[in-house]
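Observations on the model geometry
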Amino acid sequence: MAAPASKKEGPPQNDNKNDKKSQLIEDIARALHDAWVDSRGRFGFKYGPEKDYVKKTHPHMKPFNECEKENNDKDRALAKWLIESYLSQQKGKQINQQELAVQVHVATTMP
């Protein structure tokens, strides 16, 4: 009598899909923050413990991973919204990573 075929163990497909989406959100949130820091830097802003438009200092003028969770959560929420907006425009089409990157760039560089 032959042994029953064993099922391959591994993460469910939905978990893998959620991991990819979470990573995409994180990557876009980081890019959004970096673009914001870069755009403010071009206007002479630098890191300072307090937001001061005269001295041109801001407490978030530092790398994404050094910012407070609340600030990064705002970037993540915007990233999630951008992804959902893009997907609603595509309606079932495959995600075009380059086009998504262009939309993120436009969203982060608008005045």
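Since we're looking at a predicted model, the values are computed, not measured.

1. Points about the packing of aromatic side chains
Centre distance and the angle of the planes are the two values used to describe a pair of aromatic rings. Tallying each qualifying case throughout the model produces one aromatic pair. Both rings, one in Phe45 and one in Tyr53, keep their centres 5.9 Å apart while their planes meet at 75°; by these two values the pair is edge-to-face. Residue classification places Phe45 among the buried positions, given a relative accessible area of 15%. Owing to a relative accessible area of 58%, Tyr53 belongs among the exposed residues under this scheme.

2. Some words on the nonpolar core
For soluble globular proteins, the rule of thumb is that nonpolar side chains tend to be buried together. Counting nine residues, the largest nonpolar core consists of Leu24, Ile25, Ile28, Ala29, Leu32, Phe64, Ala79, Leu82 and Ile83. Where this core is concerned, the elements lending two or more residues are helix 1 (13–42) and helix 2 (69–90). Broken down by element, this core gets its largest block of residues, five residues, from helix 1.

3. Re the side chain of Thr57
Structurally, the position occupied by Thr57 is in strand 2 (residues 57–58). Since its relative accessible area comes to 11%, Thr57 is described here as buried. Side-chain polar atoms of Thr57 contact the backbone oxygen of Glu50, separated by 2.8 Å. When sequence neighbours within four positions are dropped, the list of residues in contact with Thr57 reads Phe45, Lys46, Tyr47, Gly48, Glu50, Lys51 and Asp52.

4. A closer look at the environment of His33
As for its position among the elements, His33 is in helix 1. Along the primary structure His33 and Arg76 are separated by 43 residues, whereas in three dimensions their C-alpha atoms are 9.6 Å apart. In contact with His33, not counting residues within four places along its chain, are His60, Lys62, Pro63, Phe64, Cys67, Asn71 and Asp75. In terms of polar contacts, His33 uses its side chain to reach the backbone carbonyl oxygen of Lys62, at 2.6 Å.

5. Section: the pattern of salt bridges
If charged atoms from side chains of opposite charge come close, those side chains can pair. Within this structure, the stated rule accounts for five salt bridges. Between Arg76 and Asp73 there is a salt bridge, and its shortest N-O distance comes to 2.8 Å. Of this pair, Arg76 and Asp73 both sit in helix 2, three residues apart, roughly one helical turn. Each of the salt bridges in this network shares a partner with another, and the network as a whole consists of Glu26, Lys69, Asp73 and Arg76.

Cut-off values and rules
Residues numbered from 1 in each chain as written. Predicted model: local features only at pLDDT ≥ 70, side-chain atom pairs only at ≥ 80, totals over all residues. Heavy atoms only, no water. Phe/Tyr/Trp six-rings, centres within 6.5 Å; stacked < 30°, edge-to-face > 60°. Buried < 20%, exposed > 50% of the residue type's maximum accessible area, 1.4 Å probe, protein only. Core = buried A, V, L, I, M, F, W, Y, C linked by side-chain atoms within 4.5 Å. Helix = DSSP H or I, 4+ residues; strand = E, 2+ residues; numbered from the N terminus. Polar contact = N/O pair within 3.5 Å; in protein donor to acceptor, adjacent residues only side chain to side chain. Contact = heavy atoms within 4.5 Å. Salt bridge = Lys/Arg side-chain N within 4 Å of Asp/Glu carboxyl O.

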